[in-house]
Amino acid sequence: MVDGRYDLEPTIVGLLSHSSRFLRNEALAQLIHVWRREEHIPLALKLLSEARDRESRSSAAWALAAFVGKPRQYDVDPELRRTIVHALGEQLRIVPELLNGRSIYEGLLDIA
């Protein structure tokens, strides 16, 4: 990853539309989990609910859960925290057969 290299953010953002699922998922992890760029949360929420492949949904779930973190680990707006937790829980309700649901379960347990 490219910790501390915010000058690369436009390049990383560009990878979110790359044809490689791996590159898209890594870009999302960098922006949401590592750099904690809140402005990309709406895209992560969209991927969580709309991505066609399980890996992308799982990556979005992991990045969102990591962004929120355990209570008091990060200073996250309480309303944003509720939105993310609700979205993660909703995905488990709607798509319980995703064993990528495991990453969602783990994320919910981490932030509970």
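First, a word on what this report is: a plain description of the structure on this page. (Residues numbered from 1 in each chain as written. Predicted model: local features only at pLDDT ≥ 70, side-chain atom pairs only at ≥ 80, totals over all residues. Heavy atoms only, no water.)

## What to know about the pattern of salt bridges
Between side chains of opposite charge, a pair can form when the charged atoms approach closely. Here is the rule: Note on definitions: salt bridges are taken to be side-chain nitrogens of Lys or Arg within 4 Å of carboxyl oxygens of Asp or Glu. Only DSSP runs of H or I reaching four residues or more are called helices, and only runs of E reaching two or more are called strands; each is numbered from the N terminus. Relative accessibility under 20% of the residue-type maximum defines a buried residue, over 50% an exposed one, and the middle range a partly exposed one, all with a 1.4 Å probe and only protein chains included.
All chains considered together, the criterion is met by six salt bridges. Among the salt bridges present, the one from arginine 93 reaches glutamate 90, with a minimum N-O distance of 2.5 Å. Of this pair, arginine 93 and glutamate 90 are both found in helix 5 (residues 78-94), three residues apart, which corresponds to roughly one turn of the helix. Owing to a relative accessible area of 58%, arginine 93 belongs among the exposed residues under this scheme. Through salt bridges with shared partners, a single ionic network connects Glu9, Arg37 and Glu39.

## Details of the packing of helix 4 (residues 54-68) against helix 5
In a pair of packed helices, the angle between the axes and the distance between the axes together describe the arrangement. Quick note on the threshold: For helices, the fitted axis covers only the stretch in contact; all axes are lines through C-alpha atoms, and the angles between them, taken along N-to-C directions, range from 0 to 180 degrees. Here the word oblique covers every angle except those under 35 degrees (roughly parallel), over 145 (roughly antiparallel) and from 65 to 115 (roughly perpendicular). With the far helix as reference, a near helix turned anticlockwise by less than a right angle produces a left-handed crossing, and one turned clockwise produces a right-handed crossing. The contact definition used throughout considers only heavy atoms, calling two residues in contact when any of these lie within 4.5 Å. Each residue is assigned to one of three groups, with Ala, Val, Leu, Ile, Met, Phe, Trp, Tyr, Cys and Pro labelled nonpolar, Asp, Glu, Lys and Arg labelled charged, and all others, Gly among them, labelled polar.
Between helix 4 and helix 5, the shortest axis-to-axis distance is 10 Å and the interhelical angle comes to 150°. Between helix 4 and helix 5, the interaxial angle falls into the category roughly antiparallel. Relative to helix 5, helix 4 is oriented so that their crossing is left-handed. Residue-level inspection shows Arg57, Ala61, Leu64, Ala65, Phe67 and Val68 of helix 4 in contact with helix 5, the latter providing Leu80, Arg81, Ile84, Leu88 and Gln91. Of the residues contributing to the contact of helix 4 with helix 5, the split by class is eight nonpolar, one polar and two charged.

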